[in-house]
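The primary structure of each chain is shown beneath.
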Amino acid sequence: MPPSASLDIVLFGATGFTGWITAQYIARLATPNLRWAIAARSKDKLTAKLQELRRLFPDRTPPEIIVAGLDDDSAARLAAAGKVVISTVGPYCRYGSGLVKACAEAGTHYIDCTGEHPWVLDMIEKYDETARRTGALIIPQSAFESAPADLVSYKVVKTIREEYGVGTKDVHFSLHNLNGGASGGTMETFFSVIEVFGLRRIAASSHPLALSPVHKDRPYSFPRHLPVFTHPVLGTLTPWLQGTPDRAIVMRSWGLTEQHAPEQSYGRAFAFTEYKRVKNVLEGVALWATIAVLSVGVLLAPFRWIARRVITQPGSGPSQDFNAHRQGTLEWRAVGVADTNDGKGEKKVLGSFKYDEGDAYALTGLLIVEAALSVLDVQRQREAGTLKEEECLAGRIGGGVLTPASLGEVFLRRLDKVGVKVDAKKL
Ligand SMILES: NC(=O)c1ccc[n+]([C@@H]2O[C@H](COP(=O)([O-])OP(=O)(O)OC[C@H]3O[C@@H](n4cnc5c(N)ncnc54)[C@H](OP(=O)(O)O)[C@@H]3O)[C@@H](O)[C@H]2O)c1
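As recorded in an unreviewed UniProt entry, the chain goes by Saccharopine dehydrogenase NADP binding domain-containing protein and comes from Orbilia brochopaga. Quoted straight from UniProt, the Sequence similarities (unreviewed entry) entry for the chain says "Belongs to the saccharopine dehydrogenase family."

**Q** Explain the pattern of salt bridges to me, and be specific about the residues and the numbers.
**A** The tally for this structure, following the rule as stated, stands at 28 salt bridges. Two residues, Arg132 and Asp128, come together in a salt bridge whose shortest N-O distance is 3.1 Å. Here Asp128 and Arg132 lie together in helix α6 (residues 117-134), a separation of four residues that amounts to about one turn. When its relative accessible area of 27% is taken as the criterion, Arg132 is described as partly exposed. Within this structure, Arg94, Glu188, Glu195, Arg304 and Arg308 form a network of salt bridges that share partners.

**Q** So what's going on with the domain arrangement of the chain? Which residues, and what values?
**A** According to the domain assignment, the chain contains domain 1 (7-144 + 360-419) and domain 2 (147-355). Here the C-alpha centroids of domain 1 and domain 2 sit 23 Å apart. With 44 residues of domain 1 at the interface, the matching set in domain 2 holds 52 residues. The contact between domain 1 and domain 2 buries some 3,900 Å² in all, and 64% of this surface belongs to carbon and sulfur atoms. Ionic pairing is found between Glu125 and Arg201, a salt bridge with its closest N-O pair at 3.0 Å. At the junction of domain 1 with domain 2, the criterion picks out 18 residue pairs in polar contact (both at pLDDT 80 or more).

**Q** Can you lay out the site of the ligand for me, pointing to particular residues and giving the numbers?
**A** Taken together, the neighbourhood of the ligand is formed by 29 residues, with Thr15, Thr18, Cys113, Ser183 and Thr189 sitting nearest. Between an oxygen atom of the ligand and a main-chain N or O atom of Gly315, the distance comes to 3.0 Å. When the ligand is considered free in solution it has 930 Å² of accessible area, and contact with the protein chains removes 90% of it. For the shell around the ligand, the secondary structure elements donating two or more residues are α1 (17-29), α4 (92-95), α8 (184-205) and α12 (360-384). Looking at the shell around the ligand element by element, the count peaks at three residues for α8. Classifying every residue of the shell around the ligand by side-chain character gives 11 nonpolar, 14 polar and four charged. The two domains that each donate at least three residues to the shell around the ligand are domain 1 (7-144 + 360-419) and domain 2 (147-355).

**Q** Got a sec to walk through the sheet that holds strand β9 (residues 235-239)? Specific residues and values, please.
**A** What links the strands of a sheet is backbone hydrogen bonding, and the strands pair in either a parallel or an antiparallel sense. Spatial ordering of the open sheet is given by β8-β9-β10-β7-β11-β12-β14, a layout of seven strands whose pairing is mixed. Of all the strands in the sheet, the pair left with one neighbour each is β8 (229-231) and β14 (421-426). With direction set aside, neighbouring strand axes in the sheet form an average angle of 30°. Alignment of strand β7 (residues 168-177) against strand β10 (residues 271-277), held across six bridges, turns out to be parallel. When the bridges of β10 are listed, Phe173 appears paired with Glu274. This element, helix α7 (residues 147-164), spans β7, β10, β11 (330-338), β12 (348-355) and β14 of the sheet and lies at about 145° to β12.

**Q** Would you mind going over the UniProt feature "domain: Saccharopine dehydrogenase NADP binding" (unreviewed entry) in the chain in detail, with residue names and values included?
**A** Cross-referencing UniProt, the feature "domain: Saccharopine dehydrogenase NADP binding" (unreviewed entry) maps to residues 9-138 in the present numbering. End C-alpha atoms of residues 9-138 are separated by 14 Å, and the span's content is 53% helix alongside 19% strand.

**Q** So what's going on with the sheet that holds strand β1 (residues 7-12)? Which residues, and what values?
**A** The seven strands are arranged β3-β2-β1-β4-β5-β6-β13 in an open sheet whose pairing can be described as parallel. The open sheet has two edge strands with one neighbour each: β3 (64-67) and β13 (400-401). Examined bridge by bridge, β1 and strand β2 (residues 36-40) share four bridges and lie parallel to one another. Considered in β2, the bridge of Val10 is made with Ala37.

**Q** Please set out helix α14 (residues 408-417) residue by residue, giving values where relevant.
**A** Looking at α14, one finds that the buried residues are Gly408, Glu409, Val410, Phe411, Leu412 and Leu415. For α14, the elements touching its buried residues are α7, α12 and β14. Looking one or two residues past α14, Gly419 carries a phi angle of roughly 90°, positive in sign.

**Q** Please give an account of the packing of α8 against helix α11 (residues 301-310) that cites residues and values.
**A** Packing of α8 against α11 brings their axes to within 11 Å, and their N-to-C directions diverge by 160°. On the basis of their axis angle, the class for α8 and α11 is roughly antiparallel. Crossing angle aside, the handedness with which α8 passes α11 is left-handed. Contact residues: Glu188, Phe191, Ser192, Ile194 and Glu195 in α8; Arg304, Ala307 and Arg308 in α11. Of the residues that constitute the contact of α8 with α11, the class distribution is three nonpolar, one polar and four charged.

So, how was this worked out
Residues numbered from 1 in each chain as written. Predicted model: local features only at pLDDT ≥ 70, side-chain atom pairs only at ≥ 80, totals over all residues. Heavy atoms only, no water. UniProt positions renumbered as here; feature names shortened; annotations may be inferred. Salt bridge = Lys/Arg side-chain N within 4 Å of Asp/Glu carboxyl O. Helix = DSSP H or I, 4+ residues; strand = E, 2+ residues; numbered from the N terminus. Buried < 20%, exposed > 50% of the residue type's maximum accessible area, 1.4 Å probe, protein only. Domains from an automatic or database assignment. Contact = heavy atoms within 4.5 Å. Buried area = accessible area lost by both parts, 1.4 Å probe. Polar contact = N/O pair within 3.5 Å; in protein donor to acceptor, adjacent residues only side chain to side chain. Near = heavy atom within 4 Å. Areas by Shrake-Rupley, 256 points an atom, 1.4 Å probe, with all protein chains shown as cover. Nonpolar A, V, L, I, M, F, W, Y, C, P; charged D, E, K, R; others polar. Pairing = 2+ DSSP bridges. Axes fitted to C-alpha atoms, helices over the stretch in contact; angles between N-to-C directions. Parallel < 35°, antiparallel > 145°, perpendicular 65-115°, else oblique. Left-handed = near helix turned anticlockwise from the far one by under 90°.

Listed below in structure tokens is the structure:
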């Protein structure tokens, strides 16, 4: 951590759609002892946001404002100002690398909500080593993508180890209930990743173990079934859009655990697959076909050109009217199978992640702030010598490009207090 850091949290991108939701989440809990700042490129927009925060939360500590762009000097100033920097400025593959570099070099902790696993691979290759040396905890993909997948897998694996004393063979993870739509920034990111990285790099970073620091002593085992099928516990399922980025992070957690906490191994055979639950086979086939068409379409420049003109523009996104989202819980479920060969049948654990106070963007704001606060907890507990390292891999490793699950019980305890329920039980 830079010695001069006077603020606890610096939020870069507070003027954007996700950033503004995140700023309000921080403001709601900002007690007098929290020192924080909102940062973005436009002084006028920041001033307007500050006034709005003062109006909405008159009895809370207001943030400072920092005007910062994408240049090296701005990145260094942001990294020097806070103990932890949260960035919601994306597409990250276009705008995000300078800030990660600055935080890694300064020893400043960093959290974001990217879902761009090819960019995260880039950040690991370039800055993991530096962050390990300086003690910066750099934790990308800490939001709707890919924290639920990573935390539920962690919880399921832990429960199987505690209940059966063995590793986990596989986790089937399913988006059980979804409400709300996508922001303009998210759609722009979807198009940018293909333009920045190209198909070859995306394919390379999409191997299940591309982000893992260790490799398996046997081939990664992919599930064999039709694109739409019925799981005995999770219902009718089809592969889901977030499957590849989420798997990359879950398998990095697997690899980091193998490397640094082998007594808590997920299991040598461990594999992760993600689906979306659908009402019936017909809906499943329609969703699968839509995803297939989108995945091919996005590779074509004319498709991207047209899509950029007809869909939601950057800066806006789905309504955050609380009442609009009361119709459903945001929920994921997972089934983990114990890696046993005792001839007594399969032993399984059911995991879940539930949030019923808003949509994917509300959850994103909550997750990145609670991850940032968890990182500060880890830092404080390490300095006081009270951190239980067996409960927090990030604390044990001490720095590097890590994962949401590496924050372990420190993160889960915080989430539980704010209404995000992550559970696992024997089936
Ligand atoms: N994977 C997930 O779970 C998840 C969830 C939510 C969001 N996200 C990601 O978060 C990112 C932001 O999404 P969003 O919908 O909030 O986007 P947005 O509304 O377009 O906001 C983007 C932010 O970046 C800033 N920005 C854009 N270009 C910039 C530049 N050249 N220099 C400095 N700042 C710049 C914007 O500043 P101005 O206000 O000045 O334009 C704004 O603050 C996207 O990459 C999206 O994919 C991911």
